Amino acid sequence: MTKDNYYRFVTIGLTTSVLGFVLLFFSTNFGTLMAGKDGSNPALFHIRVESYINSFIVCGGILFGVGLVTLILTHYIMMTFSEKQ
């Protein structure tokens, strides 16, 4: 793995991790914002807020996990190839 590829993978990993982190911790804000756009009646508002919040939590968790796995594997591959050379 070259240095350019290493830096690209680190950038991709950091970007997805930060995006997932933001989605995880601001899911309530995003969920209430999205549920308020529809102009639904008050009986359905709570259901929509919960479903949007859960969707943002799941997406954020997946992105955060993929980012961390990318960073860990990139570091492992770089350390493995640098020992052989």
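Note that the structure is a prediction, hence the values are computed from the model and not measured.

Parameters at a glance
- Within every chain, residues take consecutive numbers counted from 1 along the sequence as written.
- At least 70 in pLDDT is required for a residue's local features to be given in this predicted model, at least 80 for side-chain atom pairs to be given and counted, and no such filter applies to totals for whole chains, interfaces and linings, which use all residues.
- In computing side-chain values, all of the structure's heavy atoms are included and hydrogens and water are not.
- Segments assigned H or I by DSSP are reported as helices when at least four residues long, segments assigned E as strands when at least two residues long, and all are numbered from the N terminus.
- Here the globule rule reads 2.2 Å times residues to the power 0.38, and the radius of gyration is calculated from C-alpha atoms.
- The rule is simple: take the accessible area with a 1.4 Å probe, protein chains only, and divide by the maximum for that residue type; under 20% is buried, over 50% is exposed, in between is partly exposed.
- Any pair of residues with heavy atoms lying within 4.5 Å of one another is described as a contacting pair.
- With residues, only the protein chains shown are counted as cover, and all accessible areas are computed by Shrake-Rupley using a 1.4 Å probe.
- A residue counts as positive if it is Lys or Arg and as negative if it is Asp or Glu; His and the chain ends are not included.
- Just so you know, the charge point we use is NZ for Lys, CZ for Arg, CG for Asp and CD for Glu.
- Given the number of residues in a helix, its expected span is that number minus one, multiplied by 1.5 Å.

**Looking at the overall build of the protein**
Helix and strand content of the protein: three helices and zero strands. In the protein, the succession of α and β elements from N to C terminus is α-α-α. Over its C-alpha atoms the protein spans a radius of gyration of 19 Å, topping by over 25% the 12 Å that the globule rule assigns to 85 residues. Taking the principal axes of the C-alpha coordinates as reference, the protein spans close to 65 × 15 × 15 Å. Burial status across the protein gives 20% buried among its 85 residues. If you take every contact in the protein between residues at least 6 apart in sequence, the share linking residues at least 24 apart comes to 72%. With an accessible surface of roughly 6100 Å², the protein has 71% of that area assigned to carbon and sulfur atoms. Taking the 5 positively charged and 4 negatively charged side chains of the protein as two groups, their mean positions are separated by 7 Å.

**Observations regarding the environment of Phe45**
Within the element layout of this structure, Phe45 appears in helix H3 (residues 42-84). Each C-alpha atom, one on Phe45 and one on Thr32, is 8.9 Å from the other, the two residues being 13 residues apart in sequence.

**Quick word on helix H1 (residues 3-25)**
For H1, with 23 residues, the first-to-last C-alpha span of 33 Å sits near the 33 Å given by 1.5 Å per residue. Of all the residues in H1, the buried ones are Tyr6, Gly13, Thr16, Ser17, Gly20 and Leu23.

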